[in-house]
Amino acid sequence: MVAQELDLTALRRVYGRAGSRWFYTRVARNARHWGWTEPGQSKWRLWRAQRQLQDVLGQKLALPAGSRVLDAGCGAGVVARAMATRFGLLVTGVDVLDFHLAEARRLSARAALADRTDFHWGDYHELPFPDGGSDGGFDGAYSMETLVHSYHPARALAEFHRVLRPGGRLVLLGPMSTGPVDQLPAPARALLEPYLDAMAMTGALLYHAGTLPQLLAGAGFEVEESLDATPYYLPTTEAVHAYFRLPWELLRRLGDPARWLNLRSTVEMYAVREHIAWYVHTAVKPPR
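Residues numbered from 1 in each chain as written. Predicted model: local features only at pLDDT ≥ 70, side-chain atom pairs only at ≥ 80, totals over all residues. Heavy atoms only, no water.

Visitor: Sorry, what's going on with the layout of surface pockets here?
Guide: In this approach the atoms are scanned with a rolling probe the size of a water molecule, which exposes any empty space left behind. Here the largest pocket is characterised by a volume of approximately 750 Å³. What lines the largest pocket is a set of 42 residues, and nearest its centre among them are Trp34, Glu145, Tyr195, Ser265 and Trp278. Counting residues per element, the ones that place at least two in the lining of the largest pocket are α2 (18-27), α3 (46-61), β5 (164-177), α7 (186-198), α10 (230-254), α11 (261-267) and β7 (276-284). The element best represented in the lining of the largest pocket is α10, accounting for six residues. Split into classes, the residues belonging to the lining of the largest pocket amount to 28 nonpolar, 11 polar and three charged. Estimates place the volume of the second largest pocket at around 410 Å³. Together, 18 residues line the second largest pocket, and Arg29, Gln54, Val78, Arg81 and Ala82 are the ones closest to its centre. Residue classes in the lining of the second largest pocket are distributed as eight nonpolar, four polar and six charged. (1 Å grid on protein atoms, 1.4 Å probe; cavity = no way out; pocket = protein on both sides within 12 Å on 5 of 7 lines; lining within 4 Å. Points joined across faces, edges and corners; volume = space filled by probe spheres on them. Helix = DSSP H or I, 4+ residues; strand = E, 2+ residues; numbered from the N terminus. Nonpolar A, V, L, I, M, F, W, Y, C, P; charged D, E, K, R; others polar.)

Following this line, the structure appears as structure tokens:
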């Protein structure tokens, strides 16, 4: 049975172990997301791909400078700072991990962006903000690969809808299974289900590529676009698998593999890539 409440212990295990924090800091430059590679571009330039994915988000939000935007699951604030500097947005990030928030505030202060980004403890299933209205609320909201951790996706989407002003925009980016996980071929399930459990990706068991648009509509959104962006994400999948296959094998054999969950994700999930889709969903809260 899937838990219907916040599991901080599991999320701390995923993001707080020394190996994971080293991976995100040193390899991913504090980002917690995949990358976007255009046709004809080299798949080996991973940081460029990450930056391009941030640009895709900003373009899909399509909001004027000065708009107020919610970052649901902000991590170390890399995406929030990209939205502030490259798109002129005022970003409020929420996260349930205190060390993420401390890092986000430190890095924003160092970048002189504390006036355009702010960060709060918050579970995006119960956001600490008032209802959106014609004279208030957020102009936009996004989840950059964090909805997979949702223990109740419908409730999270309803909260996004609640805090957006009428006409506000929501963009969801991230991976999901191509169909129900329990209906995938047995070899894929044998790899995927333990991985999702280890990575606290409850949401990935509760929605898939065919059902997320329905959940958005059920929360009151008008779905503007449901873009299967898998071809743009696959080059990053291929590159990180090639980069980290041998390091993962060494660490797995010589030490505790649980310390390196995020390295594991770059290697073992390559075997089930045909069952994973990467989507960009854009939706609008209807004007009154």
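Now that the structure has been shown, we can carry on.
Visitor: Looking at this structure, I do not really get the sheet that holds strand β6 (residues 222-228). What am I missing?
Guide: Sheet strands pair by backbone hydrogen bonding; their relative direction is either parallel or antiparallel. Spatial strand order, β3-β2-β1-β4-β5-β7-β6: seven strands in an open sheet with mixed pairing. Each edge of the sheet is formed by a strand with only one pairing partner; in this case those strands are β3 (117-121) and β6. Across the sheet, the mean angle separating the axes of adjacent strands is 15° when strand polarity is ignored. Where strand β1 (residues 68-72) meets strand β2 (residues 90-95), five bridges bridge the pair, whose relative direction is parallel. Residue pairing in the sheet places Val69 in a bridge with Val91 of β2. Relative to the sheet, helix α4 (residues 78-87) contacts β1, β2, β3 and β4 (138-144), its axis offset from that of β3 by approximately 150°. (Pairing = 2+ DSSP bridges. Axes fitted to C-alpha atoms, helices over the stretch in contact; angles between N-to-C directions. Contact = heavy atoms within 4.5 Å.)

Visitor: So what exactly am I meant to see when it comes to the packing of aromatic side chains here?
Guide: Centre-to-centre distance and the angle between the planes together describe a pair of aromatic rings. Tallied over the full model, the rule gives 12 aromatic pairs. An angle of 75° between the planes, with centres 5.9 Å apart, marks the rings of Phe23 and Tyr24 as edge-to-face. The same class applies to Phe23 as to Tyr24, namely buried. Aromatic pair Trp36 and Tyr232: ring centres 4.2 Å apart, planes at 10°, arrangement stacked. Here Trp36 is found in the loop between α2 and α3, whereas its partner Tyr232 is found in helix α10, with 196 residues between them in sequence. For Trp36, a relative accessible area of 6% translates into the label buried. Among the aromatic residues, those joined into a ring-pair cluster are Tyr15, Phe23, Tyr24, Trp44, Tyr243 and Phe244. In this structure, Arg32 packs its charged tip against the face of Tyr24, placed 4.6 Å from the ring centre. (Phe/Tyr/Trp six-rings, centres within 6.5 Å; stacked < 30°, edge-to-face > 60°. Buried < 20%, exposed > 50% of the residue type's maximum accessible area, 1.4 Å probe, protein only. Lys NZ or Arg CZ within 6 Å of the ring centre and 35° of its normal.)

Visitor: How do you make sense of the pairing of β7 when you look at a structure like this?
Guide: Regular strands place side chains that alternate from one sheet face to the opposite one. Within β7, nine of the nine residues are buried, which leaves the element mostly enclosed by the surrounding structure. By the alternation rule, side chains of β7 split into Ile276, Trp278, Val280, Thr282 and Val284 and Ala277, Tyr279, His281 and Ala283, which are all buried. Bridging between β5 and β7 involves nine bridges; their strand directions are antiparallel. Bridged to Arg169 within β7 is Val284. Both β6 and β7 contribute to a ladder of six bridges, which runs antiparallel. Directly across from Ser226, in β7, lies its bridge partner His281.

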